[in-house]
Amino acid sequence: MSFEAFLSTSICYGAGAPEAGWTLAFPITLPLATIALIYAIGASRLWRRSSRGRPERTRQALLFAAGWGFLTGALVSPIHALGERVFAAHMIEHELLMAVAAPLLVAACPGAALIWALPAAFRRGTGMLTHGKFLQAVWAVASRPLNATAIHGIAIWIWHVPVLFEAALQQGVLHYAQHASFLGTALLFWWVILPRSGRQQAYGSAIMHLFFTSLHTGLLGVLLLLSPKLWYPQNAAGAALWGLTPIDDQQLAGLVMWVPAGLIYGGAALLLAGLWISKSGLREATHGLRPG
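Along each chain, numbering runs from 1 in the same order as the chain's sequence is written. Given that this is a predicted model, residues contribute local features only at a pLDDT of at least 70 and side-chain atom pairs are listed and counted only at 80 or more, while totals for whole chains, interfaces and linings are drawn from all residues. Working from all heavy atoms in the structure, the side-chain values ignore hydrogens and water.

Engineer: Help me out: how do you make sense of the overall build of the protein chain in this one?
Structural biologist: Helix and strand assignments come from DSSP, with helices taken as H or I runs of at least 4 residues and strands as E runs of at least 2, each series counted from the N terminus. Assigned secondary structure in the protein chain consists of 14 helices and two strands. Across the 292 residues that make up the protein chain, the buried fraction comes to 39%. Contacts in the protein chain between residues far apart in sequence, at least 24 positions, make up 72% of those at least 6 positions apart. Working definition: with a 1.4 Å probe on protein chains only, accessible area under 20% of the residue-type maximum means buried, over 50% means exposed, and in between means partly exposed. Should any heavy atoms of two residues lie within 4.5 Å, those residues are counted as being in contact.

As structure tokens, this is what we get:
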């Protein structure tokens, strides 16, 4: 088997044509199964060691399971196989990665469970590695809200350049790189944006970056929706599978990027605004109770 064949994202199984099947490519299923196993081992160890924190551990485990489920559904279910021939399905797959799976995985705070799955010696080694000056400096720059938002936005726009998008459809290596950059930069973006315990949250900044992301992704969706020209002819080859013409397929994909994804970013902004207001009210009430 050639290297390109091994990295193919089109190894599908199902009743009927390949476009209706499940993608069981080894480079996809193995990492997904490995991550699930590592998390399960680490979460069970933390569960045994914490009694008062078990409700929070349960909440985190449910969020992780939901995020992992959406991630697996996007990459393994027939959505992925259809996405290679129907652009709208491809867009749904990308939005599941960036706007659904990524925030759920970040909200689950899986770092502790993943670290606790490792043997003690590896945990110490990992701690030393992540606390290295170089990695700390790189992380300090990448995790600034403006930088994280820009990195995620650049990844989205670059991969929608027609020549790169269609190259990713033809070459498995580029297809993996596309999905990895979408998911990786989305994880970084949501990690910076979502509030976490033990961190001072800048709600106003987070809301602004969510609004900006909704704005530029919505703009890309509108451009796809209104364009009279096909951007990715190769990805519209199977549009008839959904009873669509190629241009209808592109318009539906643009609508998916514009409306449902925009609602997710907008909903997250509203949630953060609500938390901001409630915490501000609590601080004012606490301050008012203090003796003058």
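Engineer: I tried to follow the pattern of salt bridges on my own but got confused; where do I start?
Structural biologist: Two side chains bearing opposite charge may form a pair once their charged atoms approach each other closely. Salt bridges are identified by distance alone: a Lys or Arg side-chain nitrogen within 4 Å of an Asp or Glu carboxyl oxygen. Under the counting rule described, the total for this entry stands at one salt bridge. We note a salt bridge from arginine 59 to glutamate 56, for which the minimum N-O separation is 2.6 Å. One end of the pair, arginine 59, and the other, glutamate 56, are both in helix α3 (residues 54-76), three residues apart, so they sit about a helical turn from each other. When its relative accessible area of 37% is taken as the criterion, arginine 59 is described as partly exposed.

Engineer: How should I be thinking about the environment of alanine 142 in this particular structure?
Structural biologist: For alanine 142, the location among the structural elements is in helix α8 (residues 133-142). Between the C-alpha atoms of alanine 142 and leucine 188, which are 46 residues apart in sequence, the distance is 8.1 Å.

Engineer: What exactly am I supposed to notice about the nonpolar core here?
Structural biologist: Looking at soluble globular proteins, one finds that nonpolar side chains tend to be buried together. To define a nonpolar core, start from buried Ala, Val, Leu, Ile, Met, Phe, Trp, Tyr and Cys residues and group those joined through side-chain atoms within 4.5 Å. Among the nonpolar cores identified, the biggest contains 56 residues, and Leu71, Trp190 and Leu210 are the most heavily contacted of them. The leading source of residues in this core is helix α5 (residues 87-107), at 13 residues. Apart from residues no more than four positions distant in its own chain, leucine 210 is found in contact with Phe189, Trp190, Ile193, Tyr265, Ala268, Ala269 and Leu272.

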